[in-house]
Amino acid sequence: MAKVPRNFRLLEELEKGEKGIGDGSCSYGLEDGDDIMMSHWNGTIIGPGHTVHENRIYSLRITCGEHYPEQPPTVQFVSRVNLPFVSQVDGKVDPSKLPVLAHWNRNYSIETVLVEIRREMASMNNRKLPQPPEGSMF
């Protein structure tokens, strides 16, 4: 099977992100519409219900390097959050501690990453972790 070139793949993701994902709990789009390399993205996750994250809106920065989708994007929270895979210094997600990044597959996407982070927020280990004040940023 032929590999889809990086920019075609990112154009597909941009189109899908602009239409919105499923129930709207995660969204993403280009940070700057003039970014012809489509490297810098913004993401949003609405915290899952029945957790300490409920009704919170988390902002993230996603960077798709030149080797994406062969290599995973880098992900960094802009909104403060307490999760085991997020640095409390700068909000960067440690790829070795988040399975979707640690076991990256070129068929995964920005959407896959955001949905998996949200799923981790709702996991038994993370759903009740004390959180920083709502609205605080890294």
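Report follows, based on the coordinates. (Residues numbered from 1 in each chain as written. Predicted model: local features only at pLDDT ≥ 70, side-chain atom pairs only at ≥ 80, totals over all residues. Heavy atoms only, no water.)

**What about the overall build of the protein chain?**
Part 1: The secondary structure content of the protein chain amounts to three helices and four strands.
Part 2: Secondary structure of the protein chain in N-to-C order comes out as α-β-β-β-β-α-α.
Part 3: Its C-alpha radius of gyration of 15 Å places the protein chain within 12% of the 14 Å reference for a compact globule of 138 residues.
Part 4: Based on the C-alpha atoms only, the size of the protein chain along its principal axes is roughly 45 × 30 × 30 Å.
Part 5: When each of the 138 residues of the protein chain is scored for burial, the buried share is 40%.
Part 6: Sequence-distant contacts in the protein chain: of pairs separated by 6 or more residues, those separated by 24 or more amount to 54%.
Part 7: For the protein chain, the exposed area adds up to about 7900 Å²; of that, 53% sits on carbon and sulfur atoms.
Part 8: Of note, the protein chain has its 15 positive side-chain charges centred 7 Å away from the centre of its 18 negative side-chain charges. (Helix = DSSP H or I, 4+ residues; strand = E, 2+ residues; numbered from the N terminus. Rg over C-alpha atoms; globule rule 2.2 N^0.38 Å. Buried < 20%, exposed > 50% of the residue type's maximum accessible area, 1.4 Å probe, protein only. Contact = heavy atoms within 4.5 Å. Areas by Shrake-Rupley, 256 points an atom, 1.4 Å probe, with all protein chains shown as cover. Lys, Arg positive; Asp, Glu negative; His and termini not counted. Charge placed at Lys NZ, Arg CZ, Asp CG, Glu CD.)

**Details of the pairing of strand β4 (residues 74-77)**
Part 1: Burial along β4 is one-sided: the residues V75 and F77 are buried and none of T74 and Q76 is.
Part 2: Bridging between strand β3 (residues 57-63) and β4 involves four bridges; their strand directions are antiparallel. Looking at the pairing, R61 lines up with Q76 of β4. (Pairing = 2+ DSSP bridges.)

**Quick word on the side chain of H53**
Part 1: Inspection of the secondary structure assignment puts H53 in the loop between β2 (40-46) and β3.
Part 2: Take H53: its relative accessible area is 0%, and that puts it in the buried class.
Part 3: If we ignore the near neighbours within four places in the chain, the residues touching H53 are G47, P48, Y58, V81, L83, M121, N126 and Q131.

**So, the environment of Y58**
Part 1: Inspection of the secondary structure assignment puts Y58 in strand β3.
Part 2: Distance in space between the C-alpha atoms of Y58 and G43 is 8.2 Å, their sequence separation being 15 residues.
Part 3: Sequence-distant contacts of Y58, defined by excluding residues within four places in its chain, comprise G43, T44, I45, G47, H53, F77, S79, R80, V81, M121 and Q131.
Part 4: A polar contact is formed between the side chain of Y58 and the side chain of H53, at a distance of 2.8 Å. (Polar contact = N/O pair within 3.5 Å; in protein donor to acceptor, adjacent residues only side chain to side chain.)

**A look at helix α3 (residues 110-121)**
Part 1: A rise of 1.5 Å per residue sets the reference length of α3, with its 12 residues, at 16 Å; its end C-alpha atoms lie 17 Å apart and thus fit the reference within 8%.
Part 2: Listed in full, the buried residues belonging to α3 are I110, E111, V113, L114, I117, E120 and M121.
Part 3: Residues of α3 that are buried in the fold lie against α1 (6-19), β1 (26-30), β2, β3, β4 and α2 (99-102). (Expected span 1.5 Å × (residues − 1).)

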